[in-house]
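Architecture at a glance
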Amino acid sequence: IVLANKRAGLLYGVSEEQLTKYNVREISSEDNQQTKKMMEELPQNASFVFEWKCKRPIDGTVFDGEVALRRSTWSGEEVIVAVVRDISDRKKHEEEIRHLAYYDYLTGLPNRVFIMNELQKELDKGKSEATQGAILFIDLDNFKKINDSFGHFFGDEVLMRLADKLSQLNREEYLPARIGGDEFVILCYGSDLHGAMETAGLILELFREDIMIHETIFHITCSIGIAVYTKDGNTVQELFKNADMAL
């Protein structure tokens, strides 16, 4: 770095003079080879705007930056001019929107949109390689009675506790989701019907443990429907329908 202004120094947590003592690799959290390649391949008289993980050199904190690069001439020498903008707040806001779009607001589990997209990926993968798996539809028995007798606050607490139980499943093998109301879905990666039935037994075992909320004990039972792909369907809609009908 041969020259920096005051705002650049403030952005990186040092003075502009101090900033010139660092090289680009020392203020970047991205792969150094990738940084070098990007700068070498920057065309003459062209600008390039991209997002980058930037690093403050003193404390090592990382922030999301939007970087605009262009080649220029300074004191008779060719240089690269970089304009860096902190977009951490924007990225955080984008992530919050993404979370609202793909995760259930109450339980924090993936929602219907997320798991349907994930199931579609599995089906697409099966077009080029041998892929199998299953989905389990879980419907809580007589859950409406809890809402009617104790109120929706208690009902929500029960749902959150059950979601915690499902979250105990190995995420490399299973993806639990809440698709609405008292309905949950488990995507079982690489599972056949026998494996899916074993998983259903595991879930029933998890649900056998009573839940206590504000000194009130709830005993929850559920019904589980299974659909195996592609035996029970070649589309997301078919698999959801058949798993629902199997309840």
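Higher on the page you've got the structure.
Keep in mind that this is a model prediction, so the values were computed, not measured.

**Remarks on the packing of aromatic side chains**
Per the counting criterion, the structure on display carries 10 aromatic pairs. Seen in terms of ring centroids, Phe-150 and Phe-154 are 5.8 Å apart; in terms of plane orientation they differ by 40°. Their pairing is tilted. Residue classification places Phe-154 among the buried residues on the basis of a relative accessible area of 16%. On the basis of an interplanar angle of 50° and a centroid distance of 6.1 Å, the ring pair of Phe-154 and Phe-218 is categorised as tilted. Of this pair, Phe-154 sits in helix α7 (residues 152-166) while Phe-218 sits in strand β8 (residues 216-218), and the two are 64 residues apart along the sequence. A relative accessible area of 4% means that Phe-218 is categorised as buried. Joined through ring pairs, the aromatic side chains of Phe-150, Phe-153, Phe-154 and Phe-218 make up one cluster.

**Describing the nonpolar core**
Within the largest apolar cluster, 32 residues are counted, with the highest numbers of intra-cluster contacts made by Leu-136, Ile-138, Leu-140, Ile-186, Phe-207 and Ile-220. Secondary-structure elements contributing two or more residues to this core are β4 (133-140), α6 (143-150), α7, β6 (183-189), α8 (193-208), β7 (211-213) and β9 (222-229). When residues of this core are assigned to their parent elements, the largest contribution, six residues, is made by α7. Setting aside its immediate chain neighbours within four residues, Ile-220 contacts Leu-140, Ile-146, Val-158, Leu-162, Phe-207 and Ile-211. Listed in part, the 17 residues of the second largest apolar core include Phe-137, Leu-175, Ile-179 and Leu-187.

**Re the pairing of β4**
Strand residues, when the strand is regular, have side chains that alternate between the two faces of the sheet. Of all eight residues in β4, seven are buried; the element is thus mostly enclosed. Relative to β6, β4 is paired through seven bridges, and the arrangement is antiparallel. Residue Ile-138 lies in a different strand from β6, and its bridge partner there is Phe-184. Summarising the sheet, β4 and β9 pair through eight bridges and their orientation is antiparallel. By the bridge assignment, Leu-140 is partnered in β9 with Cys-222.

**Some thoughts on α8**
Over its 16 residues, α8 runs 23 Å from end to end, which matches the ideal 22 Å to within 8%, given 1.5 Å per residue. Of all the residues in α8, the buried ones are Gly-195, Ala-196, Thr-199, Ala-200, Ile-203, Leu-206 and Phe-207. Buried residues in α8, looked at end-on, bunch into an arc of 145°, giving them a common side. In α8, those exposed residues whose orientation departs by more than 90 degrees from the buried face are His-194, Met-197 and Glu-198. Capping of α8 at its N-terminal end is provided by Asp-192; its side-chain oxygen lies 3.3 Å from the backbone amide nitrogen of His-194.

Procedures and definitions
- Residues numbered from 1 in each chain as written.
- Predicted model: local features only at pLDDT ≥ 70, side-chain atom pairs only at ≥ 80, totals over all residues.
- Heavy atoms only, no water.
- Phe/Tyr/Trp six-rings, centres within 6.5 Å; stacked < 30°, edge-to-face > 60°.
- Buried < 20%, exposed > 50% of the residue type's maximum accessible area, 1.4 Å probe, protein only.
- Helix = DSSP H or I, 4+ residues; strand = E, 2+ residues; numbered from the N terminus.
- Core = buried A, V, L, I, M, F, W, Y, C linked by side-chain atoms within 4.5 Å.
- Contact = heavy atoms within 4.5 Å.
- Pairing = 2+ DSSP bridges.
- Expected span 1.5 Å × (residues − 1).
- Arc of directions from axis to C-beta.
- Polar contact = N/O pair within 3.5 Å; in protein donor to acceptor, adjacent residues only side chain to side chain.

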